[in-house]
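One-letter residues, chain by chain:
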Amino acid sequence: MSINYYPPNAFDGSNSVQSLPFYLAVQQGKVAGYSMVNKFGYNSSIGSGAFETIWETGGQLVFQTTAQTVNVVSDDVNDDVAGTGARTLRIQGLDSSFDLVEETLDMDGTTTVTTTQTFLRVFRMSVETAGTSETNEGDITATYSSTTDTAATITAGNGQTLMAVYTIPNGYTGYLLSLNVSSGKDQELQAKVITRDTTVPNASFQTREFLDIRGGLTTINLIAATVITEKTDMQIDAKATSTSSAGAGFVLLLVQDGY
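The rules behind these values
Residues numbered from 1 in each chain as written. Predicted model: local features only at pLDDT ≥ 70, side-chain atom pairs only at ≥ 80, totals over all residues. Heavy atoms only, no water. Core = buried A, V, L, I, M, F, W, Y, C linked by side-chain atoms within 4.5 Å. Buried < 20%, exposed > 50% of the residue type's maximum accessible area, 1.4 Å probe, protein only. Helix = DSSP H or I, 4+ residues; strand = E, 2+ residues; numbered from the N terminus. 1 Å grid on protein atoms, 1.4 Å probe; cavity = no way out; pocket = protein on both sides within 12 Å on 5 of 7 lines; lining within 4 Å. Points joined across faces, edges and corners; volume = space filled by probe spheres on them. Nonpolar A, V, L, I, M, F, W, Y, C, P; charged D, E, K, R; others polar. Pairing = 2+ DSSP bridges. Axes fitted to C-alpha atoms, helices over the stretch in contact; angles between N-to-C directions.

Q: Before we move on, could you go through the nonpolar core and cite the residues and values that matter?
A: Taken as a class, soluble globular proteins show a tendency for nonpolar side chains to be buried jointly. Of all hydrophobic cores here, the largest spans 30 residues; its most connected members are Tyr166, Phe250 and Leu252. Elements represented by at least two residues in this core include exactly β1 (34-46), β11 (172-197), β12 (206-228), β13 (232-240) and β14 (244-256). The element best represented in this core is β11, accounting for 7 residues. In terms of nonpolar packing, the next biggest core, distinct from the first, is built from 24 residues, Phe63, Ala86, Leu89 and Met107 among them.

Next up, the structure:
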C-alpha cells in the first residue's frame, strides 16, 4: 500500500487528513478501521538448545486454550497502590472470543491480586501510575489462575512488558510491515517469526520469516506485507551459539473487517 493511498471507505474526505502520510494518519486515529501495533521483546538469556520466545519471562510462552482470570504479584512490597513503586497496572489481551479486552488493577505489593476479566491471551501489561520511584521497583509477574502458566512479566524498572508476541483479534486482519532482531553478543543467532491459525483444529506453528544474524541489529522492511488472519498467534523465537541476550520486535497494520 502506498503511504499516500487512502481506502475510500476509511477516508472522511478531509483535505487535512489526506495531506498526511498514510501510516501517520493511522497512528493519529484518523483512518477508520485501521490501526498500528508495535510489539517488542527482550530475553536476557537465549540459549543454544531449543528456540525461546523473545520475552522477559524466558523459555517458551505457553498459549492458553481457555480464558482464565489472571493473578498479578510483585516481588517488592513497594509496588503497592499506596507505595513508592507501581501503583496501578493495566493488562491488555483477548477474551474467550478473541475480542480485545483490558483491565486495570490496584497493586498490592507481594500480595497477589486477581483480575475480574478472564483472558485467553495477554499480550501487554503496563504500569499506569506509580509513586516517587515513577515505575515498578520489583519484578511483576502475571500467571493464568487455572493453569498457573506465566502470562507476562515486567522486569523491575521497565514499566511495561517486553514481549514479541501478539494474537490477531477477532474481526481483524494483520499485515506484517517490518521486524527487527538484535543480539547481545558478536556471535551467530537464529530468529524466526512463527504463526499458528487457531481456527484450524490441531494447527501447527509455521515459520513465516527466518533471520540468521551475527551480532548487532537486523531490520527487515517488507515491501509486500505478510498477511496474518484473525485469531492467529504470532511470536518471534530465537536461539544462539552460546548464551546471550536478544531483542526483537515487529510492526503490524491492523485492519478491521469491512475496511
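Past the structure itself, the notes keep going.
Q: Which residues make up empty space enclosed by the protein, and what are the values?
A: This structure, assessed with the given rule, holds 1 cavity of 30 Å³ or more. Of the pockets and cavities examined, the largest cavity occupies roughly 80 Å³. In this structure, the largest cavity is lined by 13 residues; those nearest its centre are Leu61, Phe63, Arg121, Val122 and Tyr144. Going through the elements one at a time, β7 (121-130), β9 (150-154) and β10 (165-167) are the ones with two or more residues in the lining of the largest cavity. Its residues assigned to classes, the lining of the largest cavity shows 9 nonpolar, 3 polar and 1 charged.

Q: Go over the sheet that holds strand β5 (residues 100-106), please, and point to the residues and values.
A: Reading across the sheet, the 3 strands line up as β5-β4-β7 and stay open at both edges, with antiparallel pairing between neighbours. Only two strands of the sheet have a single neighbouring strand rather than two, namely β5 and β7. For this sheet, the mean inter-axis angle between neighbouring strands, taken without regard to orientation, is 20 degrees. One ladder, built from 7 bridges, connects strand β4 (residues 86-94) with β5; its direction is antiparallel. Paired with Gln92 across the strands is Glu102, a residue of β5.

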